[in-house]
Amino acid sequence: MLDWEGDPPRLHTLDCGCQQYAWGKIGDRSAVAQFKKAGNPDFQIDDSKPYAELWVGTHPTLPSKTTDGALLSKHLEDNPRLLGSNHLTQFGQGLPFLLKILSVNKALSIQAHPDKALAQQLHAKDPEHYKDDNHKPELVVALTDFRALCCFRDVDDIKQILAATPALQVLFESTKIQELEQADSKTYLQELFKLVLKSPQEVIDNQISKLHDWLKNNSAAAQELHHSAFLSVNKDFPGDAGCLMVYLLNVVQLKAGEGLFLRANEPHAYISGDCVEIMAQSDNVVRAGLTPKFKDVDVLLNMLTYDTTTLKDPQTRFFPNGDGNTTVYAPPKELISEFQLRRVELTPSHDTFKHTTSSVACLLVISGRASVTLTGGNQSFVEAGSVSVIGVGLNVVIRNETEICLFFLAETQQ
C-alpha cells in the first residue's frame, strides 16, 4: 500500500460529458440522460434529442473534469500519487481506459477495432479517419436486456439458415454456395462477407425486399432470433447491406449483469439496450455497414480473424456471480492490461464491499446510495449518478445505505 502522508486520501468527484449520437435513446428514456440528471439535478434533458454515451476518462474528444472545472488529465498530472509509479511507467499520466454508459435505440455500425500493429499502420496512412495508433478492445456489461451482433457463426449454422430461408437465395444463390462447399472455414466466411459488402446495391435492395416480404408472410419464421434481428436493423437502416450480417454473425442477447469482451479484429454491432462499456483509450473504428460514416470495407475484410470459436471462450462471455455481490470482468491479461471491471450489487444480505485498489480506479454509481471509507478513515457518500476517482493502493470499504446499491469499479490489470 502506498504512503499517503499529508492530506488524507479522498474521493475525487468528476463531471462527465455525454455524446448525442443519432443512435442514442431519446430524452429521459435514455439511461445516459437519467444518469446525468441523477448526478446533477440542474441538468436539463431535451426530450427531442438522443443521449447515446456518457464518457468517463481523459480522452481528448470528451474529457472528464473535476467539480472545480479542471480537466481530469491535469488533475492527475498535478496529483501523481493517485496513479502511482507503476502506472506512470506503464501508461503515462492519463487513464489508459475509457469508461462509458451506452443507451442504444438503434443499431450501431458493423465494425471491428484494429490490433496495435494495424492501428499504427492505419494511423500513419490515414490519420483523418484513424486519429491514434492504439488498439481498442472493448468490454460491455448489460444494464438492461441488451442485443448485439458478435463474431462469426459456425459455418454449419450459416448453412442451415440459408437452407431454411429460400428468400435469401437472391444473394446467396445455391450455385455460389456450392462453389464454396469444399472451402475451409475462413475462406467460406470471408467470401460470404465479401458477397454481402461488395454486391451491387440493386442486388442488395432486391434481396432485402424479397426477404422482408417473405418474413411478412411467415410469422413463425419472423420470431426466430436471426430474422427478428434482421427486421430490427432493417427498420433502422432500410436497404443497408449490413442488415444481412445477422445471418453471418452471432446474435447475442445479454441479461443485466452479463458481459461480453470484444477482441481486436472481431466483427460486432450493438443493436439495442443499455450497458456499461470499458475500452482501451482509442477512437479507432473500421466500419462497413449500418452507418452513414466512413466505411473501409477492404480493410475490414482483410483484418478479421474469421474465427467461429471466440464466443465459446469463457473470457469472452461473462455471467454474474451467483454467490456474493461482486462480479469481475477481466479480459485475458496477455491481450489487454489497460482495464478490468467490477460490478457490485449491495443488498441487505451483502451490504459491504471491501477492496484494495491495485491501480487508480473510477467508481460509477448506477443506483442507490452508499458510504465510502478510504485508508485513514476519510468517509464520503455516493449515490446514483455520481462518478469518482480513487487513488492506487487504498483500502476501500463501501457500505450500502439503501435497499440496493449498484456500482461499477474500473481499474487496470496489474
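Residues numbered from 1 in each chain as written. Predicted model: local features only at pLDDT ≥ 70, side-chain atom pairs only at ≥ 80, totals over all residues. Heavy atoms only, no water.

Caption draft 1: Looking closely at the environment of Pro-267. Following the sequence through the fold, Pro-267 ends up in the loop between β12 (259-262) and β13 (268-280). Assessed through its relative accessible area of 0%, Pro-267 is described here as buried. On a C-alpha basis, the gap between Pro-267 and Thr-326 in space is 29 Å, while along the polypeptide they are 59 residues apart. Among all residues touching Pro-267, those that are not within four sequence positions of it are Gln-111, Ala-112, Leu-149, Cys-150, Cys-151, Phe-152, Leu-249 and Leu-304. (Helix = DSSP H or I, 4+ residues; strand = E, 2+ residues; numbered from the N terminus. Buried < 20%, exposed > 50% of the residue type's maximum accessible area, 1.4 Å probe, protein only. Contact = heavy atoms within 4.5 Å.)

Caption draft 2: Here's a closer look at the packing of helix α5 (residues 155-164) against helix α7 (residues 185-198). Across the interface, α5 lies against α7 with an axial gap of 10 Å and an inter-helix angle of 45 degrees. The angle between the axes of α5 and α7 places the two elements in the oblique class. On α7, the residues that touch Val-155, Ile-158, Lys-159 and Leu-162 of α5 are Ser-185, Tyr-188, Leu-189 and Leu-192. Grouping the amino acids of the contact of α5 with α7 by side-chain chemistry returns six nonpolar, one polar and one charged. (Axes fitted to C-alpha atoms, helices over the stretch in contact; angles between N-to-C directions. Parallel < 35°, antiparallel > 145°, perpendicular 65-115°, else oblique. Nonpolar A, V, L, I, M, F, W, Y, C, P; charged D, E, K, R; others polar.)

Caption draft 3: Here's a closer look at helix α8 (residues 201-216). Compared with the 22 Å implied by 1.5 Å per residue over 16 residues, the 22 Å span of α8 between its first and last C-alpha is a close match. Those residues of α8 hidden inside the fold are in contact with α5, α7, α9 (219-222) and α10 (225-236). (Expected span 1.5 Å × (residues − 1).)

Caption draft 4: Spatial organisation of the sheet that holds strand β18 (residues 352-356). Across the sheet, four strands lie side by side as β18-β23-β20-β21; this open sheet has antiparallel pairing. The open sheet has two edge strands with one neighbour each: β18 and β21 (379-383). Recorded for the sheet is a direction-independent mean angle of 20 degrees between the axes of neighbouring strands. Bridge analysis of strand β20 (residues 369-374) against strand β23 (residues 395-400) gives five bridges, and the strand direction is antiparallel. Paired with Leu-374 across the strands is Val-396, a residue of β23. (Pairing = 2+ DSSP bridges.)

Caption draft 5: Broad picture of the state of the cysteines. Scanning the model with the defined rule gives zero disulfides in all. This cysteine, Cys-275, is not joined by any disulfide, and Cys-150 carries the nearest cysteine sulfur, 13 Å off. (Disulfide = S-S within 2.5 Å.)

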